[in-house]
Amino acid sequence: MTITHASFVTLPVSDQDRALRFYRDVLGLAVTADRDLPQGRWLQVAPEGAQTVFTLAGPGMGDFEPGSARGIMLVTTDVDADCARLAGAGAEVQGPDELPWGRMASFTDPDGNGLMLLTEKEGF
């Protein structure tokens, strides 16, 4: 096998403009693609410099159920500040909690996709 990395993770959403406002304006991700294709809008976002991007798949872009993605971990340098920002934007946030591998919180996007934030513990 010669796999080098994951290209994208699909986040099924019901409204791509609403999802874009959340991922770009609240989470601070950059738009890496925004194109109209015959089957629908191809919209992708990612943290600056990331190899793997998130495809915000709206209606017509596959047989995906909005809100069905789970367990997506985002690493941050300041989980507490990011949780405060998310809560201030109206997101439901659980945590952060101190765990053996770092400080972690969970939240959902406007469609209910489940994501987590982690500030990694040094040396773990």
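To be clear, the structure that these remarks concern was listed above.
Model, not experiment: these values are computed from the prediction.

Our next topic: the nonpolar core. Within the largest apolar cluster, 23 residues are counted, with the highest numbers of intra-cluster contacts made by Tyr-23 and Leu-56. Listing elements by their share of this core, those giving two or more residues are helix H1 (16-26), strand S3 (40-46), strand S4 (53-57), strand S5 (72-75), helix H2 (79-88), strand S7 (102-108) and strand S8 (114-120). At five residues, H1 tops the list of elements feeding residues into this core. Once you skip the residues sitting within four places of it in the chain, Tyr-23 turns out to touch Leu-11, Gly-28, Leu-29, Val-45, Leu-56, Asp-109 and Leu-115.

Turning to H1, a few remarks are in order. Residues of H1 that are buried: Gln-16, Ala-19, Leu-20, Phe-22, Tyr-23 and Val-26. With a side-chain oxygen lying 3.0 Å from the backbone nitrogen of Asp-17, the N-terminal cap of H1 falls on Asp-15. Gly-28, located one to two residues past H1, shows a positive phi value of around 80°.

Now for the sheet that holds S7. With mixed pairing, four strands are arranged side by side in an open sheet as S5-S8-S7-S6. Looking along the sheet, the strands with just one partner apiece sit at the ends: S5 and strand S6 (93-99). If you compare each strand with its neighbour and ignore which way they point, the axes differ by 25° on average. Sheet topology places S5 next to S8; four bridges connect them, and they run parallel. In the strand pairing of S8, Val-75 is matched with Leu-118.

Turning next to the packing of aromatic side chains. Evaluated as defined, the whole model comprises three aromatic pairs. Ring geometry for Phe-22 versus Tyr-23: centroids 5.2 Å apart, planes at 85°, classification edge-to-face. Residue Phe-22 is classed as buried on the basis of its relative accessible area, which comes to 8%. Residue classification places Tyr-23 among the buried residues on the basis of a relative accessible area of 0%. Ring geometry for Phe-22 and Phe-107: centres 6.3 Å apart, planes at 45°, overall tilted. Note that Phe-22 is positioned in helix H1 and Phe-107 in strand S7, a separation of 85 residues in sequence. Taken together, Phe-22, Tyr-23 and Phe-107 form an aromatic cluster joined through their ring pairs.

Let us look at the pattern of salt bridges. A complete count under the given rule lists seven salt bridges for this structure. Its salt-bridge partner being Asp-80, residue Arg-103 comes within 3.0 Å of it at the nearest N-O pair. Highlighted residues: Arg-103 in strand S7 and Asp-80 in helix H2, separated in sequence by 23 residues. Arg-103 sits in the partly exposed class, given a relative accessible area of 25%. Accessibility expressed as a relative area gives 37% for Asp-80, which makes it partly exposed.

How each quantity is defined
Residues numbered from 1 in each chain as written. Predicted model: local features only at pLDDT ≥ 70, side-chain atom pairs only at ≥ 80, totals over all residues. Heavy atoms only, no water. Core = buried A, V, L, I, M, F, W, Y, C linked by side-chain atoms within 4.5 Å. Buried < 20%, exposed > 50% of the residue type's maximum accessible area, 1.4 Å probe, protein only. Helix = DSSP H or I, 4+ residues; strand = E, 2+ residues; numbered from the N terminus. Contact = heavy atoms within 4.5 Å. Polar contact = N/O pair within 3.5 Å; in protein donor to acceptor, adjacent residues only side chain to side chain. Pairing = 2+ DSSP bridges. Axes fitted to C-alpha atoms, helices over the stretch in contact; angles between N-to-C directions. Phe/Tyr/Trp six-rings, centres within 6.5 Å; stacked < 30°, edge-to-face > 60°. Salt bridge = Lys/Arg side-chain N within 4 Å of Asp/Glu carboxyl O.

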